[in-house]
Amino acid sequence: MTATRRSLLAPLGFSAALLAAASAQALEVDKAIEYRQDALRVMAFQTGPLGDMVQGNIDYDAEEFALRAGNLAALAHLPWEAFIEGSLQGDGHGIETRALAVIGDDWAVFEERQATFRREAATLAEMVDDQAEFSDLRRQMGAVVNSCRGCHDNYRAD
């Protein structure tokens, strides 16, 4: 190959490498969004019966409550690692997300809210383990829900 031909092809090779890197990052962002949405759906699956019990929509079942509270506490750390750069609403990714871009502007508060949720979920599970009264579990479930609402109200599009 001649030197002229090599000099013409070099930028094409560099452009292809950049395009491949951008595609890999887009795939990573898409996977992060899917992962966090899935993790949040699994957490919602756990909170559904808990909420129904504390609201009186279904009968309180101590065994079921313990299972769901323990699962929720175990899952509480999962979604947060997937709030990566490029994965917020308006960041130009290909998957729908309701996570608002303001998360990136307010990261310290977002992290505090995550920690509050994890702490409240862990407290609920500990209370179950300590065989707390249902009225106390109901109150603690309210704290868990309020910690969820704190993020949803500020960082999630409706």
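Residues numbered from 1 in each chain as written. Predicted model: local features only at pLDDT ≥ 70, side-chain atom pairs only at ≥ 80, totals over all residues. Heavy atoms only, no water.

A. Summary view of the side chain of Gln114. Relative to the assigned elements, Gln114 resides in helix α4 (residues 107-129). Take Gln114: its relative accessible area is 7%, and that puts it in the buried class. Those residues in contact with Gln114, other than ones at most four positions away along the chain, are Trp80 and Trp107. (Helix = DSSP H or I, 4+ residues; strand = E, 2+ residues; numbered from the N terminus. Buried < 20%, exposed > 50% of the residue type's maximum accessible area, 1.4 Å probe, protein only. Contact = heavy atoms within 4.5 Å.)

B. Spotlight on the pattern of salt bridges. Under the criterion given, the structure shown has three salt bridges. Of the charged contacts, one joins Asp38 and Arg41 as a salt bridge, the two residues approaching to 2.7 Å between their closest N and O atoms. One end of the pair is Asp38 and the other is Arg41, both in helix α1 (residues 3-54) and three residues apart, which spans about a single turn. Asp38 gets classed as partly exposed once you look at its relative accessible area, which sits at 39%. Across the pair Asp136 and Arg139 runs a salt bridge whose closest N-O atoms are separated by 2.5 Å. Residue Asp136 and its partner Arg139 are located together in helix α5 (residues 134-155), separated by three residues, close to a single helical turn. What makes Asp136 partly exposed here is its relative accessible area of 28%. (Salt bridge = Lys/Arg side-chain N within 4 Å of Asp/Glu carboxyl O.)

C. Structural detail: helix α2 (residues 62-75). With 14 residues, α2 ought to run about 20 Å at 1.5 Å a step, and its terminal C-alpha atoms sit 20 Å apart, in line with that. Of the positions making up α2, those classed as buried are Phe65, Arg68, Ala69, Leu72 and Leu75. Looking straight down α2, one finds that the buried residues subtend no more than 135° of arc, so they occupy a single side. Sitting at the head of α2, Asp61 places a side-chain oxygen 3.0 Å from the backbone nitrogen of Glu63. (Expected span 1.5 Å × (residues − 1). Arc of directions from axis to C-beta. Polar contact = N/O pair within 3.5 Å; in protein donor to acceptor, adjacent residues only side chain to side chain.)

D. Expanded view of unusual backbone geometry. A positive phi angle, close to 55°, is found at Gln131, a residue other than glycine. Note on Gln131: relative accessible area 69%, which makes it exposed.

By themselves, these observations are geometric and do not establish any function.
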